[in-house]
Amino acid sequence: MQPVATTFFFYFLSAVTVISGLLVITRRNAVHSALALILALIGQAGLYLMLYAPFVAGVQIILYAGGIMVLFLFVIMLVSIEQSLKEEQFSKLWVVGLVSALALGGLFVAVYLKGKGIFPERVMIPPETSNTQEIANYLYGNYMFAFEIASLLLLVAIIGAVVMAKKRI
Amino acid sequence: MADETKAPAPPPSGEPKDSQGKPNPPSVEPVPAKKPGDPAAPANPGAPGSVATGSAPAHHEAAPAKPVGPAATEWHSEMVSRLTRQYGSGIREASTYLGQNYMVVDSSLIPELLRLLRDQEQFDYCVDITALHYPEKEKAFEVIWILYSFAKNERIRVKTEIVDGQVVPSSFSIWPTANWLEREVYDMFGIRFDGHPDLKRILLPDGWKGHPLRKDYGIIQQDNEWVQINLGIESGQ
Amino acid sequence: MPDATKFLSHLELGETDQTFLDSNELIINMGPQHPATHGVLRVILKLDGEKVLGTECVIGYLHRGVEKIAEHRTYTMFNPYVDRMDYVAAVSNGLGYCEAVEKLMNVEAPPRANYIRVILTELNRLASHMLWLGTHALDIGAITPLFYTFRDREEILKIFEKYCGARLTTHAFRIGGCLYETYDGFEQDVTRFLKFVAPKIDEYEELLTTNRIWVERTKKVGYITADDCKALGVTGPVLRASGVQWDLRKAQPYAAYKEFDFDIPTGTNGDTYDRYLVRMQEMRQSLRIIDQAVGKIPEGPIMAKVPKVIKPAVGEIYHSIEAPKGELGYFIVSDGSTQPYRVRVRPPSFVNLQALDQMVRGQLVADVVAVIGTLDIVLGEVDR
Amino acid sequence: MLDYINSYLSDTVHVTPGEAGNFFWALVYIIAIFAGLSVAVIAMNWLERKILAHMQIRLGPMRVGPHGLLQPVADAIKLLLKEDILPSEADPLVFWLAPLIVVWTAFTVFIVVPFGPTHAVTDMNIGVLFMLGVSSLSVLGVVTAGWASNSHYPLIGALRSSAQMVSYEIAMGLAVVSAVLMSSLNAEGTGTLSRIGLVQAQEAQQTWFIFKFFPLGLIAFFVFAVAMVAETNRAPFDLPEAESELTAGFHTEYSGFRWSLFFLAEYSAMIAVSSIAVTLWLGGWLRPFPHALTGETWDLVFSLFPGITFMFLAAITFYSVARMPKHPYFRVQTIGLAGFGAVLALIGLALFAPPVRDRIQDVYWFVVKVAGFMYLYIWYRGTFPRYRFDQLMKVGWKVLLPIGLGVLILTAVSGIVF
């Protein structure tokens, strides 16, 4: 199976994603962290491409980077963020943070020690060419019901938003 | 430059009332009889040269004798008679000059008379509110309302004389157009209108001191202090 | 007569109270150097998001103290100042002032002068409406009409220039009549212009009247009822668009308007679209008047017997004419000397602008621009 | 290295360089597209001024070069030399980043634009999806530009334009889906998102999608045409930089080179979006009536078209050279214009040569169709006033969206029925 791009790109993309992920949490300015998050999402989309999943990469760009992040930026801009900048950054719940960090660390160590054994042996057939068609068949074939439930959920969310805004007009 | 100020009150003289339309051409009228009931205009000291007295043009300098201009005549209309019956001496004078009717009323009648004119007499459009300044008269200011009635297609002027500093009731509640018109009169003459929503200067900057259209306000006079503070320049004078 | 409190400007500038989404209101300045305020007008807008809660006009940036100057100039010397007030419709200003002084002196301009005056005033009304249409459409975003209207307005200005040497502030009339005899070929120029401009007005209509976006941007925008117009003293096309059939040229005819038949276009629901239609019709009516007038200019003198030095008798007079923007009135008080004791100008733009707050409340920011355009105000006249 | 290059040129390979993994040719195509795009932007700049001027009975730029031909060059130099002001409290990083985001998105869209069956940088399986995704990223650039300028009006302008772009993306998406649906009416029953595939589907079904199921294709095309104008903030929807209300939208604080980036991005976005419309509805590089007028003679006639157009342009140039005033001041301009005419004539002649003629066919037809759309943009700007913001939203949500949905459903139904 001919790799999509040389391994260099894989390291480059994952480096970009990790660094911008760090940037998200370290930046004081909300807009900077939002932009860093967008960069991380686009890096992730690149990784999906490397995994022969162009459809998911496309959807990732449209939904996350193009849609949700725009709303993030809207909220950041409309709500005045001056006070939050001045407040003391360090939250008091560092105990909880510490415990969860330790748990995650333990998990990583366990995976590293076990090596490949944990993951199932099945090798995915990379349906590179007809990826979108495959997804379409699954989506509208076996998982039709789940798809309908999801769209119903979205409908409820939209109606909720309209009702909330309706009060105003 | 001392500008010559004169009492411009309409010359008291009687003349047959001409039609409301186009005034007839100026005719040399008989010796102007002094109108008794006109306390407002002081006895017109024989106006220098310009007003010819007597029927024959008296001898004076080279300019040909200019016939005395058209004179204000008594304005008889049932509306005027109704108002005089109701307010009596309040209506000082109601006359027509060059075909335009105006009445001089006492300042105490102001909001009530105007409201009556608007409601009963259908003068529903207040064309203009302005003022005049006669420095030498003890009632120094004259406030003028120009009213027009769409129904009767008729235009009249209501005038009152007030002392400097006297507050005139605002006619904003009668005609909302008075809002800016009265603000401009205050801005230019310093006449205060009570009952006006927010009486402040409209054309001149807010901090300006002095009311330009008063006769005692020089033509090139400026509020130097305001100019220095705001524009930071040494003003012209 | 609507009660006055309605017209109070809701602009308590002091405190900004909370609105629905408890975001404070936005107080922004539009002007005085804003591209769409037709000169130096500053409008303080109190916004809740896009909706206008209240406006306050700050004017006076162009105040030159014309009325004070009048008291130190002779009657003839003050004549050119009058053109500088509404510099877009300068001829009408001049006509108003000259006729007021003539009335004060009880003098009648000869018929030939009256005819020339009517022709030039109606041409000036056309030019003023054309400039209005160009800038109004530009504010709403249609760029093209501006160039069409200015090309046609140029023709009118050429006729003015040939007649009296000036294009805009023409100072064409004198007290007692007109100073200049019509240059030979005046009638031909005017008739050629009439044939040239008639289809052009249809061109403007083609561009805008049925243009969906233009209709959507102007219908039900800047709505004002007839009663509110009368209460606020609004006159001219704005009043006629609200359904009041009143035009000083018909109600109290002056100059030679008695001899021409033309009708007064009126709108029905007093919104920006109706004002646009009324003004377009008015342009066509002006063409009708000019057409009738240019054919029958009577022979005879163009200047009444007026003394060299004008010293009207003591007295006062109020004379008003139908300027393109509304009723333009002159209240002149004479004390018998060569200089007027007081000249009060009743400017239509100043009074019409007062209606802006009433027309714009509850509309959106983009409509403020459209309404300022439809009021057709000229700041030279507002500030005097 | 040489055989690496030749490997792609051998006729057997019928795949875009990207897919063939041949980076050299992909790079060549990228450079070609960059050059073509900048020439197109320069031409658009001149054309827009000239055409708009002639629509408004004025001449447009005439002074800089013959008939203003050097005007775009003058503009470019002016923008490069102008001082690049950074507002005091603005956020320097985001201020610098915003125009870049807008330009990135405007240019990355072009890697999937198919100028011919094999003339595209690459052909992704999700071509159309990728384009929509990237064009939705440009909203970020606009929003950050407005926020970074840290002043009232740009912020309001930015929020407005991003709200507009977001709401019109949906209408655009729906129109695109109905076109893709049409492409799936072939044997295996699954359509394709790849743009070359779409054009080939139109070729296979022997009809441009605009004419398929007669009114439906046209309506979908109409929805897309309106949405694309709104997407690029142009003509009746150019509210964000509405001079008459707010000063000038999100790029008020930008000047000099940064402002020209926005300017460049706007034009390339226009070209990109109209290229989507051309590929999806007007049969990308297919020449008109590919199947009705087949046969040797017709192929020859259509292949002569590129040459004819350039010769026609040269003729116009020479005609205007003839009409140049004889005054010595104009001598340089006449020579310049004559030279420009000669260049056009040469290109025309070159296009008549058989080897060039065949290769250039596809690209020529694609460019002509996109040029048609460009003329439409300018025409809109000349005639339409500006929509108010709430009307703009009303059209987006209450008019285009329902129509888009309706067309989608009807296409699906007619797909099954016919």
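If you're wondering where the values come from, they're calculated on a predicted model, not measured in any experiment.

Secondary structure summary: chain D contains 13 helices and zero strands in total. From first element to last, N terminus to C terminus, chain D shows the α and β order α-α-α-α-α-α-α-α-α-α-α-α-α. Computed over the C-alpha atoms, the radius of gyration of chain D is 23 Å, within 12% of the 22 Å expected from 2.2 N^0.38 for a compact globule of 418 residues. Expressed along its principal axes, the backbone C-alpha trace of chain D runs to roughly 60 × 60 × 50 Å. Looking at chain D residue by residue over its 418 residues, the buried ones come to 54%. Of the roughly 18,200 Å² of accessible surface on chain D, 76% is carried by carbon and sulfur atoms.

Below, the discussion takes up the overall build of chain C. Scanning chain C for helices and strands turns up 15 helices and eight strands. Computed over the C-alpha atoms, the radius of gyration of chain C is 21 Å, within 12% of the 21 Å expected from 2.2 N^0.38 for a compact globule of 384 residues. Looking at chain C as a whole, 67% of its 384 residues qualify as buried. The long-range share in chain C, meaning contacts at least 24 apart out of those at least 6 apart in sequence, stands at 72%. Here chain C displays about 11,900 Å² of accessible surface, and carbon together with sulfur accounts for 57% of that area. For chain C, the distance from the average position of its 44 positive side-chain charges to the average position of its 51 negative side-chain charges is 4 Å.

Our focus in this paragraph is the environment of D:S275. Residue and element names in this part refer to chain D. The topology assignment puts S275 in helix α9 (residues 256–281). Counting along the chain gives 95 residues from S275 to V370, while the straight-line C-alpha distance between them is 6.0 Å. Residues in contact with S275, not counting those within four places in the same chain, are V113, M131, R195, F366 and V370. Only 2.4 Å separates the side chain of S275 from the backbone oxygen of A272, close enough to count as a polar contact.

Taking 1.5 Å of rise per residue, 33 residues should cover 48 Å, and helix α2 (residues 23–55) of chain D covers 46 Å from first to last C-alpha, within 8% of that figure. D:I57 occupies a position one or two residues after α2(D) and carries a positive phi of about 45°.

Residues and elements named next belong to chain B. In spatial order, the strands read β1-β2-β3-β6-β5-β4; together these six strands make up an open sheet with mixed pairing. Of all the strands in the sheet, just β1 (73–74) and β4 (125–133) have a single pairing partner and so form its edges. With six bridges connecting them, strand β2 (residues 91–97) and strand β3 (residues 100–105) associate as antiparallel partners. Note on β3: the bridge partner recorded for T96 is N101. Most of the contacts of helix α1 (residues 78–87) go to β2, to which it runs at about 165°, and overall it touches β2, β3 and β6 (154–162). Here helix α2 (residues 110–119) sits on the sheet and contacts β2, β3, β5 (141–149) and β6; the angle it forms with β6, its principal contact strand, is near 175°.

The tally for this structure, following the rule as stated, stands at 46 aromatic pairs over all chains. Arranged with centres 5.6 Å apart and planes meeting at 90°, the rings of B:Y148 and B:F150 form a pair that is edge-to-face. An identical accessibility class is assigned to B:Y148 and B:F150; each is buried. Residues D:F95 and D:Y254 carry aromatic rings whose centres are separated by 4.2 Å and whose planes lie at 0° to one another, so their mutual orientation is stacked.

The next point concerns a nonpolar patch on the surface. Residue and element names in this part refer to chain A. Taken together, the side chains of L93, W94, V95, V96, L98, V99 and L102 define a hydrophobic patch exposed on the protein surface, amounting to about 760 Å² of accessible area. Note that L102 resides in helix α5 (residues 94–114). Residue L102 is classed as exposed on the basis of its relative accessible area of 60%.

Attention now goes to the sheet that holds strand β3 (residues 51–58) of chain C. Residue and element names in this part refer to chain C. Reading across the sheet, the three strands line up as β1-β2-β3 and stay open at both edges, with antiparallel pairing between neighbours. Whereas interior strands pair on both sides, the edge strands pair on one side only; in this sheet they are β1 (26–30) and β3. With strand direction ignored, the average angle separating the axes of adjacent strands in the sheet is 20°. Examined bridge by bridge, strand β2 (residues 42–48) and β3 share seven bridges and lie antiparallel to one another. Bridging from a neighbouring strand, V43 pairs with C57 of β3.

What follows deals with the confidence of the model for chain D. Residue-level pLDDT values for chain D average 84, and 93% of them are 70 or greater. The complex prediction reports pTM at 0.83, with the ipTM value standing at 0.79.

Residue and element names in this part refer to chain D. Per the domain assignment, the segments making up chain D are domain 1 (2–304 + 352–417) and domain 2 (310–348). Each of domain 1 and domain 2 has a C-alpha centre, and the two are 31 Å apart. Domain 1 puts seven residues into the contact, and the matching count from domain 2 is eight residues. Around 560 Å² of area is buried between domain 1 and domain 2 when both sides are counted, 67% of it from carbon and sulfur atoms. Considering only the side of domain 1, the residues that lose the most area to domain 2 are P66, H67 and F352, jointly responsible for 64% of the buried surface there.

Residues and elements named next belong to chain D. Packing of helix α6 (residues 152–183) against α9 leaves a shortest axis separation of 10 Å and a crossing angle of 25°. Relative to α9, the element α6 is oriented roughly parallel. Viewed along their axes, α6 and α9 form a crossing whose handedness is left-handed. Where α6 approaches α9, its residues M172, A175, V176 and A179 are matched on the opposing element by V273, L280 and W281.

Below, the discussion takes up the pattern of salt bridges. Evaluated as defined, the whole model comprises 52 salt bridges over all chains. In this structure, B:R201 engages B:D187 in a salt bridge whose closest nitrogen and oxygen atoms are separated by 2.5 Å. One end of the pair, B:R201, is in the loop between β8 (193–194) and α4 (224–231); the other, B:D187, is in helix α3 (residues 178–189), and 14 residues separate them in sequence. Here B:D187 falls in the buried class, since its relative accessible area comes to 0%. Note that C:R240 and C:E282 form a salt bridge whose closest N and O atoms lie 2.5 Å from each other. Remark: C:E282 occurs in helix α11 (residues 272–295) and C:R240 occurs in helix α9 (residues 237–241); sequence separation between them is 42 residues. This pair shows no difference in class: C:R240 is buried, exactly as C:E282 is. Residues joined in a network through salt bridges with shared partners are C:E122, C:R125, C:R240, C:D247, C:R249, C:E282 and C:E322.

Here we take up the confidence of the model for chain C. Chain-level statistics for chain C give a pLDDT mean of 87 and a share of 92% at 70 or above. The model gives residues 11–22 of chain C a pLDDT under 50, and that stretch makes 19 contacts with residues more than four places away or in other chains.

Glancing now at the interface of chain B and chain C. Interface size is commonly expressed as the accessible area that is lost once the parts come together. Listed per partner, the contact involves 65 residues of chain B and 54 residues of chain C. Taking both sides of the interface into account, the surface hidden between chain B and chain C amounts to around 5,100 Å²; carbon and sulfur atoms contribute 58%. In this assembly, chain B and chain C are joined by eight salt bridges. For C:E327, the salt bridge goes to B:R155, with nearest N and O atoms at 2.8 Å. Linking chain B to chain C there are 28 residue pairs in polar contact (both at pLDDT 80 or more). Mapped onto the side of chain B that touches chain C, the elements with two or more residues apiece are β4, β5, β6 and α3 of chain B.

Conventions we followed
- Residues numbered from 1 in each chain as written.
- Chains lettered and ligands numbered in written order.
- Predicted model: local features only at pLDDT ≥ 70, side-chain atom pairs only at ≥ 80, totals over all residues.
- Heavy atoms only, no water.
- Helix = DSSP H or I, 4+ residues; strand = E, 2+ residues; numbered from the N terminus.
- Rg over C-alpha atoms; globule rule 2.2 N^0.38 Å.
- Buried < 20%, exposed > 50% of the residue type's maximum accessible area, 1.4 Å probe, protein only.
- Areas by Shrake-Rupley, 256 points an atom, 1.4 Å probe, with all protein chains shown as cover.
- Contact = heavy atoms within 4.5 Å.
- Lys, Arg positive; Asp, Glu negative; His and termini not counted.
- Charge placed at Lys NZ, Arg CZ, Asp CG, Glu CD.
- Polar contact = N/O pair within 3.5 Å; in protein donor to acceptor, adjacent residues only side chain to side chain.
- Expected span 1.5 Å × (residues − 1).
- Pairing = 2+ DSSP bridges.
- Axes fitted to C-alpha atoms, helices over the stretch in contact; angles between N-to-C directions.
- Phe/Tyr/Trp six-rings, centres within 6.5 Å; stacked < 30°, edge-to-face > 60°.
- Patch = residues over 30% accessible without salt bridge, like charges linked within 9 Å, V, L, I, M, F, W, Y side chains within 5 Å.
- Salt bridge = Lys/Arg side-chain N within 4 Å of Asp/Glu carboxyl O.
- pLDDT = per-residue confidence, 0-100.
- Domains from an automatic or database assignment.
- Buried area = accessible area lost by both parts, 1.4 Å probe.
- Parallel < 35°, antiparallel > 145°, perpendicular 65-115°, else oblique.
- Left-handed = near helix turned anticlockwise from the far one by under 90°.

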